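Observations on the model geometry
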Amino acid sequence: MESPAGGLRNTSVVVLTIDTSEVYIIVSLSSRTDTQVIYIDPTTGSLHHDQKLGHDVFDSQEEALNHITNGSKFVIKNTIRAKAILGYTVLGSFGLLLLATKLTASIPYLPGGGCVYTIIESKWIKISLQNPQPQGKGEVKNIQELTELEIDGKHYFCESRDITRPFPSRVSVKAPDDEFVWNGWLSVGFKRIGLDQHCVILLQGFVEYRTFGSLGQQDGIVALIARRSRLHPGTRYLARGLNSCYSTGNEIECEQLVWVPKRDGQSVPFNTYIWRRGTIPIWWGAELKMTSAEAVIYVSDRDPYKGSGKYYQRLTKRYDARNMGINGNQNKNNFVPIVCVNLLRNGEGKSESILVQHFEESLNHIRSTGQLPNTRLHLINYDWHTSIRFKGEQQTIEGLWYHLKSPTISIGISEGHYLHSRHNINESNDDVVVYNDDIIGFFRLHVHQNGVIRYNCADSLDRTNAASYFGGLQVFTEQCRRLGIFLDADVALKQTGSPARTRSGTDRAWKRFDMTFEEFKRSTILSPVCQLADLFLIAGDIHATIYTGSKAMHSHILSIFSEEAAKVKQFSVAQNVRITLQRRYNNAVLDSYRQKQLEMFLGIRLFKHLPSVSIQPLHVLSRRSGCLLKPIASIDASSDDGDSLLSFKQKDLIWISQQAADIIQLFIYLGEPCHVCQLLLTISHGADDSTYPSTVDVRTGRDLDELRLVLEGACIARCANGTNMVIPISGPVSDDDMAFTKNKASKPSQKTKLPFLYDFEGREGELDFLTRVVVLTFYPSESTTSPVTIGEVEILGITLPWREIFASEGPGSRLWERVNNVKDSHPYVVSLTNDVLPPGKSDTTTTTTGMDLLSGDDIISGTASQPMTEISLIDHGYIEDKISQTNAIQTKDKDKDSKVEVEAAVAGTGAQQYISCFRMLTASHGSKLGFIDSMKLEIERLRLNLSATERDKALSSIGVDPSTINPNALIEESYIPSLCKAANALAVLGQASREDKITSAIGLDPIDDEIDIDFWNINRIGESCCSESCQVHIGTSTLTSSSQSIYICSACQRKVCKVCCAGKGAVLVLQNQNRVGGTNVNERCLTMDGVICKLCCHDSVLDALILDYLRVLISERRGSHAETATYKALAHVVGRNYIAGKKESSDKNGAGKILEQLLDGEESLAEFPFGSFLHSIESASGSAPPLSLLAPLNTGLRQSYWRGPPTISSTEFIIVIGSLSDVSGVILLVSPCGYSMSDSPIVQIWASSKIHKEERSCVGKWDVKSHLTSSPELCGPEESNKDGQGQTPRHIKFDFRNPVRCRMIWIKLSIQKVGSNSVSFENDFNLLSFDESPASGPGRRASIAGTSESLPSLHAKRILVVGFPVKADVRRSSSQRSEHANSIKNWLEKPPMLNRYKVPVESEKLIENDLVLDISPSSPTAAGFRLDGFNAIKPRLTHSPSKSESLVTGFEHRFISPPVLNIQVLTLKGLSEEMMVIAEYRIPEVKIGTALYFDFPKVMSSRRVWFRLVGDVAGFADDPEDGGDAGRALAVGLSLLNRIKLYYYAHPADLGRWASLSGI
Ligand SMILES: [Zn+2]
Ligand SMILES: [Zn+2]
């Protein structure tokens, strides 16, 4: 492969799989000199790259390889070398990496540099992940099909130039035009880790060049670049005409670039011509009928031109020369011509003629609306086939030229030079100058193409390719002429002199347009013409193959100038027949398959093809830099302190406790703060599976002082060694809620209905993105007395994108914006000032607000408690309760810092309003609510932002049983399946429509189509029709409606008021239902313009809308919780004032330089988010948050700093550093207020690796006071010089005598307190602390501390721990063959005393969804049951998209509020008929079909057992492949039938031969 000039090397990619099955991607880009290592997490598949030199950035590939393998070739299991990365994605239990392994340089050197490569061989690497997420068979099949998509020969890229825009692009390669990027979705993972360039920008289509010359003349180069648009991807019979993204099927932009290569240093002249091809931009389609040879063409009967205008608008934007900065000279009237060359048959009776008529009409329609004032649309109808038939090929070509002449000349071409140096860049004339960071020199454009010619036939394949060749050929000869390459046959033959002679009158511009075919042929040197034809031939085949799966037909005409033209023609007739047959086969059989592949490749409609796949996988936080805080003792003395339990490298490990049947407690410190979502266990045991613990408790917290129980006694079923088991975890439930729920549960109640519609109970856990410590307590089963075994433990969670947040780039900067909005919606929060203010600028509001002084933290907590919709019930005058001025902020947060008064002041308002709603409903409908009323009440509850528990409390307070308003129980059971099905269909339609809206915005100005009626249009309680002009008039009421707007129903044409309209979703549903047979135009034509009245809409659709709306509100509530949690997390790190003031990205470079100076070659080891504190740290009121001490230097207000409470004379910081390191010292950045003799601390530092205080070792004790005498600049307030930036801040470094290898640094700051000791008051002490006159001192504490201001307190700006990280080598030392190890092995291999045997069952049947087993009296009594892992998936999409959905953070609610299933076991109570629950098990997530064994608490004596599934069943669904659309209430995959077997324990010897037959 040729090396592109400019780049020093070719890009090289090595994918390394090592013996632990971990995969590393090692990338050395041509544009860089270093090498990056990307690690693929073996559990979740997420990509990791920390941008740290020596850790995942290296000088060379070899160095990187060495680092990973430790220099040992033996650990390498597999190596794949590639030339480029094309994409990566995680699809459920697979990571999929797409690599280009062979390339060809299709244009080795563009003018100005840059090589365009076509991929000739690619490879998908499929990585199996440890994550046991159940995945449906259909999904697995679709993933397989995705990897079968044809990449080779049809895709290309350029690493160093933007080639998604016409040449030369003024935009950097980093900002491609989305319309032509095919791997945008597949490259997201690399963007997320800050390595955008490591995945190339992939285009689909054709690119190729030819060098040509004419006798004795300078050589030229012609390149043909054809970019396929991705806005309407798809195959022939499925993607024709317009789609709802305003693009057409088979839409391609073609570019013909001609230039004259020059020696180095000379400017390169070039010119370029652009045209477009695609199917007709109206709504039409074609249907294959088995009875007829030709497909039947039809045009949508509804709104066939919808979006046509938008289509031309997009073209206008792209081809408007003014957008290139070209001034008026050549574009006199400022119009952009778009000339459509339509090559369809137009004769009477021809099926295509209907399209011709509509094409014309569509243009008239657009002209009449005046929506494109700057565009001039022309249509040239030129019936290609008919012309050839009656006039022959030559005259057909002449005729085409005749039509093309004037539009081609007026649209023109672009021409200019590339100059190698920017020396003369400003020499201004009318030229346009184009340059960007990717190129060394610049382009000077003299002329620019304005407007575009667009070719089409029916499929835009064969005729289009031929006609565009003959059009392009005319331009080509002109392009050559302008570059001084003369193609005149006679001139070239006669003269061989200098080019100057040709500038004569005979060399007219565009002269060949006036020639006949024969004249053209005779007067032109044909070899370049044939070269061009060759390019068009290949291009035509490529486009045809992509669109139809077969080569182009009727291509022989392209060879008309060549010698063998006649021969080609004969051959071609036979070939055409073959291709026709092949196309037919492809269309009938393969089109939908290929359509699906393309959609998956582009990341669209994934909710259909891969319904359970996550868009953002979770992260494993316990690995890499996570660690165990306390050692745990193993029976194996050679084992480490249990650290290996967190390491993937030893996933086969079986760890054994020291004592028999001991409780095991793991204190896990996470590598990064996160919200914990899952506990992933690798079940490990020997031959006896009972040694693995039977239950686990989970506690989480920000530090060791804040641990809260989030999961108690979660059952761990027995299963095979090595099974991966996920235990979903939701956040802690507040104690208050917990108590209420428990209290409620203790009351006897009848069987509750399964929540098929939605989770009515909806317990809500809190979210905390700063969770850092997870404590797991494992309990062995009661039956066992042997030691306990455990295996690898992983904690999975959601992290905030801290790197981007601190750098304010990408999602990070959007997050700041978003978070600021969270805060802005709460007016009273804004006035709070919690950071220390600079001297003299003290804010009095801090003291007058009087509520946050103690905390300075998290007072907004319950932010989300604001009603979400702006319409409040008050507007309707229904409710007299006044909402307090505080805007109904309700703090239900239980943070210990929150002030109770605030809660008391505003609590209850929501609940009271809710009760009013309830009363109003029951007043008009009687005490028993119906299904719809109960739904509306729930909607009102969510609009008031009450949690389910708050609702239950409110209802209980007025003596109402909440279960009486549970819509799940009030609905007709037989109706549930169809309702669920309708709601799910609505969700899918809504999501598709949303995707299309996003795609359609590409290349267009954003459009705002907000109207009165939203997707659901659900009326509020009491709201009903009252408009006199409404002809629909549903319900009667005397109340005034909020809206007086009147609409027209598009179905019945009646006038209808807002209340009587159905939501927009109903329009979607109706359009979808109208689809008949293969007529899928209507399905795609999702016009959302019209409205429809409720009378024209089936009740089931209205019910589906209301259910969907309820689900949307639940999701919005969760979304707003996530945003509040994000805000709180940020505020806890950088201080709330900083967020408020945050406008643009902070000075990264400046901070980076300062850090470099401070570190002096060493690394900062404890910077947040990698470093953190192990214990809570007390702060003074108004102090910056303690975590700010570890935050990056450029974050937080410059003047803010941490300050301890004045009552405290010492504080101990236990800092856990990012990874095991050799620490050489600690740097303390002095607060802006500076030190004085009274508050300069004594600093004591220890180091340790675990949390036991006894094990820490002291590394030194320093008295800052002694520093002050030698460094007086540390005293007193910081001089407020204007910039302050770039200067090294005041700091003290505490150097250790020798570097200490440790994981924790303990720093104790202490000061001597006044009165506690006889401190001699020195002068400066007095001055700074007691003198409050503004003239004499900064009065630094005057504003904040109130009465305690005179007391000195601890304070600091930052703490940096410096040194070098140690490369963690957790590889197990070669297993010792000691006697001890052997005895362990023997113990593990010892079979269990008792085996499980199947209890024969007399009958097994489902009653409702419960499984009832009758056991014959002669059978042994059951000791437990086996449950096979469910065959159901958790779909990502559960409702239609809401407007306010948090796109920025992209959290998936099913991780934050995971649906959990439990299985209850019931028996008869004694002799009575009453059933009683004897056990309930929480079901872990495992791969489909995994056998799980659950022991009963005691042996079952009953002869009849019920198994009942309880929990959030609505969160599960069937794989579409297994009939997921069947519309059953309960997913088939959750059925208990044939999924449960009872077993008993027995000694194998007692059963003899029978044992082997009934083992279970
Ligand atoms: Zn009405
Ligand atoms: Zn109607």
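Residues numbered from 1 in each chain as written. Chains lettered and ligands numbered in written order. Predicted model: local features only at pLDDT ≥ 70, side-chain atom pairs only at ≥ 80, totals over all residues. Heavy atoms only, no water.

Re the side chain of Glu 179
Just so we agree on the cut-off: By the criteria applied, helices consist of DSSP H or I runs no shorter than four residues and strands consist of E runs no shorter than two, each listed in order from the N terminus. For this analysis, a polar contact is any N or O atom pair within 3.5 Å, provided that within protein one partner can donate a hydrogen and the other can accept it, and provided that sequence-adjacent residues contribute only side-chain to side-chain pairs. It only takes one pair of heavy atoms within 4.5 Å for two residues to be counted as in contact.
Summarising the element assignment, Glu 179 is placed in the loop between β10 (155-158) and α3 (188-192). In this structure the side chain of Glu 179 is engaged in a polar contact, spanning 2.9 Å, whose partner is the side chain of Ser 229. Within the structure, Glu 179 has its side chain in polar contact with the side chain of Arg 276 (distance 2.9 Å). Beyond its immediate sequence surroundings of up to four residues, Glu 179 is in contact with Arg 228, Ser 229, Arg 230, Leu 231, Arg 276, Arg 314 and Ile 1002.

Examining helix α2 (residues 137-146)
Turn by turn, an α-helix covers 3.6 residues, leaving residues three or four places apart pointing in a common direction. What counts, and what does not: Burial classes follow relative accessibility: with a 1.4 Å probe on protein chains only, a residue under 20% of its type's maximum area counts as buried, one over 50% as exposed, and anything between as partly exposed. This arc is taken over the directions from the axis of the helix to the C-beta atoms.
Looking at α2, one finds that the buried residues are Gly 138, Glu 139, Asn 142, Ile 143, Glu 145 and Leu 146. Projected onto a plane normal to the axis of α2, the buried residues spread over an arc of 160 degrees and lie on a single side.

Some points on the sheet that holds strand β47 (residues 1401-1407)
Either a parallel or an antiparallel arrangement is found when strands of a sheet pair, and the pairing is made through backbone hydrogen bonds. What counts here: At least two bridges found by DSSP between two strands are what make those strands a pair. Convention adopted: a line fitted to C-alpha atoms gives each axis, helices being fitted over their contacting stretch, and angles between N-to-C directions are expressed from 0 to 180 degrees.
One open sheet accounts for five strands, arranged β47-β48-β53-β50-β51; its pairing is antiparallel. Each edge of the open sheet is held by one strand with a lone partner, namely β47 and β51 (1475-1482). In this sheet, adjacent strand axes meet at a mean angle of 20 degrees when their direction is disregarded. Pairing geometry for strand β50 (residues 1461-1468) and strand β53 (residues 1504-1511), over seven bridges, is antiparallel.

Side note on the packing of aromatic side chains
Quick reminder of the rule: Ring pairs shown here join Phe, Tyr and Trp side chains whose ring centres sit within 6.5 Å, with only the six-membered ring taken for Trp; geometry is labelled stacked below 30 degrees between planes, edge-to-face above 60, and tilted in between. Our definition puts a charge over a ring when NZ of Lys or CZ of Arg is within 6 Å of the ring centre and also within 35 degrees of the ring normal.
One pass over the full model with this rule turns up 36 aromatic pairs. Through successive ring pairs, a cluster of aromatic residues spans Tyr 273, Trp 275, Trp 401, Tyr 469, Phe 470, Phe 517, Phe 520, Phe 536 and Phe 561. For Lys 52, the ring lying beneath its charged end belongs to Phe 1170, and the centroid distance is 5.7 Å. The aromatic ring of Phe 520 is capped on one face by Arg 512, whose charged end is 5.8 Å from the ring centroid.

Some points on the coordination of the zinc ion (ligand 2)
Test applied: Each metal's donors comprise the N, O and S atoms found within 2.8 Å of it (within 3.2 Å for Na, K or Ca). Water is not part of the atom list, so some coordination spheres may appear incomplete. Between 85 and 135 degrees for all angles marks four donors as tetrahedral; over 155 degrees for opposite donors together with 65 to 115 for all other angles marks four donors as square planar and six as octahedral; every other arrangement is irregular.
Taken together, Cys 1049 (SG), Cys 1052 (SG), Cys 1093 (SG) and Cys 1096 (SG) make up the full set of protein donors to the zinc ion (ligand 2), lying 2.1 to 2.3 Å away. Geometry at the zinc ion (ligand 2) is tetrahedral, judged from its four donor atoms and the angles of 103 to 118 degrees they form at the metal. All donors of the zinc ion (ligand 2) come from a single chain, and their spacing in sequence reads C-x2-C-x40-C-x2-C.

What to know about the pattern of salt bridges
Between side chains of opposite charge, a pair can form when the charged atoms approach closely. Note the cut-off: Salt bridges are counted wherever a side-chain nitrogen of Lys or Arg sits within 4 Å of a carboxyl oxygen of Asp or Glu.
Within this structure, the stated rule accounts for 51 salt bridges. Ionic pairing is found between Glu 940 and Arg 1020, a salt bridge with its closest N-O pair at 2.3 Å. Here Glu 940, found in helix α21 (residues 931-943), pairs with Arg 1020, found in the loop between α24 (976-1000) and β33 (1046-1048); they are 80 residues apart in sequence, far enough to count as distant. Like Arg 1020, Glu 940 is buried.

Some words on the packing of helix α4 (residues 308-319) against helix α5 (residues 353-369)
Two packed helices can be described by the angle between their axes and the distance between those axes. The condition is simple: An angle counts as roughly parallel when it lies under 35 degrees, as roughly antiparallel when it exceeds 145, as roughly perpendicular when it falls between 65 and 115, and as oblique in every other case. For this classification, Asp, Glu, Lys and Arg are treated as charged, while Ala, Val, Leu, Ile, Met, Phe, Trp, Tyr, Cys and Pro are nonpolar and the rest, including Gly, are polar.
Viewed as axis vectors pointing N to C, α4 and α5 meet at an angle of 75 degrees, and their least axial separation amounts to 10 Å. Here α5 runs roughly perpendicular to α4, going by the angle between their axes. Contact residues: Ser 308, Gly 309 and Tyr 312 in α4; Phe 359, Leu 363 and Ile 366 in α5. In the contact of α4 with α5, the residues fall into four nonpolar, two polar and no charged.

Brief notes about the confidence of the model for the protein
Which entries qualify depends on this criterion: Scored between 0 and 100, pLDDT is the confidence that the predictor attaches to each residue.
Across the protein, the average pLDDT comes to 81, with 82% of residues at or above 70. The spread of mean pLDDT over the elements of the protein runs between helix α17 (residues 845-849), the lowest at 29, and β10, the highest at 97. Here residues 825-907 is modelled with pLDDT under 50, and outside its nearest four sequence neighbours on either side it reaches 163 contacts, counting other chains as well. Within the model, pLDDT remains below 50 along residues 1370-1376, and this stretch shows twelve contacts once partners closer than five positions in the same chain are excluded.

Quick look at the environment of Thr 691
With respect to the helices, strands and loops of the structure, Thr 691 is situated in the loop between β26 (664-682) and β27 (695-701). Residue contacts for Thr 691: discarding those within four places in its chain leaves His 685, Ser 786, Pro 787, Val 788, Thr 789 and Trp 1387. Within the structure, the side chain of Thr 691 is placed 3.4 Å from the backbone oxygen of Asp 688, a separation counted as a polar contact. Here the side chain of Thr 691 touches Thr 789 through a polar contact of 2.8 Å, side chain to side chain.

Thoughts on the nonpolar core
The nonpolar side chains of soluble globular proteins are, as a tendency, buried together. Let me state the cut-off plainly: Throughout, nonpolar core names a set of buried Ala, Val, Leu, Ile, Met, Phe, Trp, Tyr and Cys residues whose side chains join them through atoms within 4.5 Å.
Of all hydrophobic cores here, the largest spans 135 residues; its most connected members are Leu 776, Phe 1425 and Phe 1507. Of all the elements, helix α27 (residues 1099-1134) adds the most residues to this core, at eleven residues. Leaving out residues up to four positions away in the same chain, Leu 776 has contacts with Ile 664, Gln 665, Leu 666, Ile 668, Leu 679, Val 696, Asp 697, Val 698, Val 793 and Ile 795. In this structure, Leu 344, Trp 384, Tyr 469 and Phe 517 belong to the second largest nonpolar core, which totals 83 residues.

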